[in-house]
Structures are given as structure tokens and as C-alpha cells.
Amino acid sequence: MKRTIFFACLFFSMIPLITAPPRSPRCSESRGQEEQEQPGMKEFKNATDFKTFLLKPAEELQDITIVKCADCNIQEISPLIKKLSNLQFLDLAGNKLKRIPPEIGSLSNLDCLILDKNELSELPPAITELPKLTKLYFCNNKFTTAPPQVWELVGLTELRLDDNKLTSISPQIKQLKNLTQLYLNNNLLTDLPNEVEQLEKLWFLQLNTNRFTRLPAAITRIKKLSALSANYNSIATVPAELSRLDNLVFTLGNPISYIPPELHRRAKKNFYCPTAALLHPPPIPTPDQDGHLRLNHPEEARWLIEALIEHPELYNDIETIELNEFCQETIEQHLEGYLREKPAATEEALYFASHQSWLLDFCLFSPS
């Protein structure tokens, strides 16, 4: 029996994002509005002024609690920053920083640190010595993984990692027990660790513009989650378990093709989906009269596996399988994600793994 694999393109619709809560004031956002400096606040327009400011005697800097140095073309932070012992807010966004000096750990009163739009690929271990830090932003840098020091900042309530090249999130995120807002937009994520369900205070989560083909089931177990945005991914369905989160408002600008019955009413309010997506059961792909089967999304592969487990006779009807290019690239990782969510060594997991192996061998490794 000749087995063939073909390639095609994927197109999906998009909708607006959930509006994010207002973030802390940014110098770069208020630039041009001639904001009057408040007592304890210093705002700088260039690197030279900031460097000169840090040369002052330490006693003259004791009253400084807010420093804004956004878009100042700063390439290096002087170790003298340790003099700002009472600093609570530090904005260094939009500069050319490649490293942060270890003296940052001396800022024991720092509550908010903004490092967006720099050239950082690591953070100093000393950042874990900031006991009062609750807000950390390092969007639009050069991180491929979140610095391990971040997971030690157990006081964080808001973490923004947008616009990097993150491919995964460490299970150590479970240590951020006080986290309420998490931003992971515009990265390369395909999954989240199960440990995110331990973020007991998390209520706001953004996953827009990543590479998700499925919504991680662990999200459905974040009990206080009330705002979820996962637009501009490639998600074809959502887990029925989302219905447990009574207060959840979510948007999914994705190629939705199936919505579980438990979510029909809420789906109509939260995102556009074709009427066919509200039918039951899911649209299991079936071969044509010549035994040719086409899969356009890896979620269809899962539906096929579940159908084969229940009706093994369907094997006899399949002669060839056609995958579009997107499915070819994502099917293996997608199915592995579902398998990880099943209880290990159970009959359900073993059946799924067996049928998954057959399907992957049939689709990916057969000669054309």
C-alpha cells in the first residue's frame, strides 16, 4: 500500500485582544507631556545626566524613590546605582543595555523594575536579593528562556516577558505563589508546564501570538483565572474543563473548529466560531471512497486517534494520509502534549500512546 504525504497552507481568523490592566507609569509613554517631577522622583533625558547624577554623595540620594531613564541611550549602568538605597521604581526601558550590574541587588526597597526594549539575554544572580520587588518587566529583549533567577523572586505579582524568543517556561514558575498577572505574548511557546496550576493568585494571563496548537489543560485548573487571551495562535478547540472557571472571560482568535457543549453559551459571547464548531461530537476526519484521509490541523489527529480507539475497524478504511504543511510540523509535539496530560501508565494513556505511535509512523515516516 502506497502511503503519501502532501503539504498545504493554513489560514485562520483573528479577533481583538483582551484589554490588559494598566501598567506602571513609563517614562517612554509620558515622553513629551512635560510631566512635573514629584518629590523623590528624577527623570533623565540622556545617559550623561544619569551618570553625573550617580556621582553625587550617597546622602544626597537618600530621598530618591523614583528614577526614570527610558530612551536615554544608556549602554551601561554604573555600579554607583547602589547609592539609591531607597529607590522603589526604576525605569530603564528603551536603552542599549546588555547586562545589569550585580549592584542592582543593593536596591533593597525596589518594588518595580522595567527593563523593556534592551539587548539583555541574562540577568545577574543579585536580582534575587530584591526582597520587595513585585513587578518585573523585560519585554522585547533577547531571551530564549526566562532567566532562572526570575523563579526565585517569590514576591512578584506582575511579570511581563512579552516580545522575546521564549520556547518554554520552567516548571519552577510554581514558586511564584503571589503572581497575579503574567504576560507571555509574542514568543515561540507551544506549551506551558502543568505547574502553572499552582499559581493560586493568578487572575490575568496573556498568551497571544505564540505557537500553541492546543490550550494547555493546566490553565483550566488555575482557580482564580478570570481573564485569558490566547489570540493569534493555531488552536482548533478548547478544553471542556474551562467551564469550571465561572468568572473567566477569554478570547481566542484562532481557527476554532470545535467547541465542547459545556462551553457553547460562553463561546458565542467570547469569540467568533463557525456554526459547525458548535455541533457535537467533534468533526472526526474520515477517508474518502479511495481511502484517502486529509488532516489540516494536529487536533484532527487527536480526534482520529480517539475514534480509532473506540472503533478499531476504521483502520481498514485508511489507505493514505494527507497532511498540510502546518500539521506536518506540529502533529508530533501536539499529540505528545495530550499524552503528558493523561495519568501515566493507565490504560487510557497506553491506548493513546499505541495509536499515536501508529499514526506518527504512518504519517511522518512512510515513503511518498
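See the structure printed just above.
Remarks on the nonpolar core
- If you look at the biggest cluster of nonpolar residues, it comprises 73 residues, and the most contacted ones within it are F50, L84, L90, L136 and L159.
- In contact with L84, not counting residues within four places along its chain, are F53, L54, L61, I64, V67 and L107.

Topic: the layout of surface pockets
- For the largest pocket, the calculated volume is near 600 Å³.
- If you go around the largest pocket, you meet 27 residues; those closest to its centre are P239, E241, R302, E306 and Y338.
- At the level of secondary structure, the elements contributing two or more residues to the lining of the largest pocket comprise helix 4 (298-310) and helix 5 (325-341).
- A total of five residues in the lining of the largest pocket trace back to one element, the largest contributor, which is helix 4.

Regarding empty space enclosed by the protein
- Tallying each qualifying case throughout the model produces one cavity of 30 Å³ or more.
- Each pocket or cavity is described by its volume, and for the largest cavity that value is around 70 Å³.
- Forming the walls of the largest cavity are T190, D191, R211, T213, R214, T330, Q333, H334 and R340.
- Looking at the lining of the largest cavity residue by residue, the class counts come to no nonpolar, five polar and four charged.

Focus: the pattern of salt bridges
- Summed over the entire model, instances satisfying the criterion amount to 10 salt bridges.
- Its salt-bridge partner being R221, residue E197 comes within 2.8 Å of it at the nearest N-O pair. With a gap of 24 residues between them, E197 in the loop between strand 7 (181-183) and strand 8 (204-206) and R221 in the loop between strand 8 and strand 9 (227-229) connect regions that are remote in the sequence.
- Residue E197 is classed as partly exposed on the basis of its relative accessible area of 29%.
- In this structure, R302 engages E306 in a salt bridge whose closest nitrogen and oxygen atoms are separated by 2.9 Å.

Looking at the packing of aromatic side chains
- Within the structure shown, the criterion is met by eight aromatic pairs.
- Within the aromatic cluster, the residues linked to one another by ring pairs are F44, F50 and F53.
- The ring of Y183 has R160 lying over it, and the distance from NZ or CZ to the ring centre is 3.9 Å.
- The ring of F352 carries the charged tip of K342 above its face, separated from the ring centre by 4.9 Å.

Some words on unusual backbone geometry
- Here K117, not a glycine, exhibits a phi torsion of approximately 55 degrees, which is positive.
- One can find K117 in the loop between strand 4 (112-114) and strand 5 (135-137).
- Taking relative accessible area as the criterion, K117 reaches 47% and is therefore assigned partly exposed.
- Even without glycine at this site, D163 takes up a positive phi of about 60 degrees.
- Counting through the fold element by element, D163 comes out in the loop between strand 6 (158-160) and strand 7.
- The class for D163 is partly exposed, based on a relative accessible area of 34%.

Describing the sheet that holds strand 6
- Here 10 strands make up an open sheet; going across it, the order is 1-2-3-4-5-6-7-8-9-10 and the pairing parallel. In this open sheet, the two strands that pair with only one neighbour each are strand 1 (41-43) and strand 10 (249-251). Strand-to-strand twist across the sheet, computed as the mean angle between neighbouring axes with direction ignored, equals 5 degrees.
- Looking at chain direction, strand 9 and strand 10 are connected through three bridges and run parallel. Its bridge partner being in strand 10, A227 is matched across the sheet by V249.

Points about the side chain of T237
- When you line up the elements, T237 lands in the loop between strand 9 and strand 10.
- Reaching out from T237, the side chain makes a polar contact with the backbone oxygen of Y258 at a distance of 2.7 Å.

Some remarks on the environment of L182
- Of note, L182 is situated in strand 7.
- C-alpha separation for the pair L182 and F204, spaced 22 residues apart in sequence, amounts to 6.3 Å.
- In contact with L182, other than residues within four places in its own chain, are L159, I173, L202, F204, L205 and Q206.

Notes on helix 4
- The first and last C-alpha atoms of helix 4 sit 19 Å apart over 13 residues, in line with the 18 Å expected at 1.5 Å per residue.
- Across the 13 residues that make up helix 4, a large majority, 10, are buried.
- All of the buried residues in helix 4 are P298, E299, E300, A301, R302, W303, L304, I305, A307 and L308.

Re the pairing of strand 11 (residues 292-295)
- Residues L293 and L295 point to one face of strand 11 and are all buried, whereas H292 and R294, pointing to the other face, are not buried.
- What joins strand 11 to strand 12 (residues 320-323) is helix 4, and the crossover it makes is right-handed.

A look at the environment of R221
- The partly exposed category is assigned to R221, whose relative accessible area is 32%.
- Setting aside its immediate chain neighbours within four residues, R221 contacts N194, E197 and R244.

How each quantity is defined
- Residues numbered from 1 in each chain as written.
- Predicted model: local features only at pLDDT ≥ 70, side-chain atom pairs only at ≥ 80, totals over all residues.
- Heavy atoms only, no water.
- Core = buried A, V, L, I, M, F, W, Y, C linked by side-chain atoms within 4.5 Å.
- Buried < 20%, exposed > 50% of the residue type's maximum accessible area, 1.4 Å probe, protein only.
- Contact = heavy atoms within 4.5 Å.
- 1 Å grid on protein atoms, 1.4 Å probe; cavity = no way out; pocket = protein on both sides within 12 Å on 5 of 7 lines; lining within 4 Å.
- Points joined across faces, edges and corners; volume = space filled by probe spheres on them.
- Helix = DSSP H or I, 4+ residues; strand = E, 2+ residues; numbered from the N terminus.
- Nonpolar A, V, L, I, M, F, W, Y, C, P; charged D, E, K, R; others polar.
- Salt bridge = Lys/Arg side-chain N within 4 Å of Asp/Glu carboxyl O.
- Phe/Tyr/Trp six-rings, centres within 6.5 Å; stacked < 30°, edge-to-face > 60°.
- Lys NZ or Arg CZ within 6 Å of the ring centre and 35° of its normal.
- Pairing = 2+ DSSP bridges.
- Axes fitted to C-alpha atoms, helices over the stretch in contact; angles between N-to-C directions.
- Polar contact = N/O pair within 3.5 Å; in protein donor to acceptor, adjacent residues only side chain to side chain.
- Expected span 1.5 Å × (residues − 1).
- Right-handed = clockwise from strand over helix to strand, strands pointing away.

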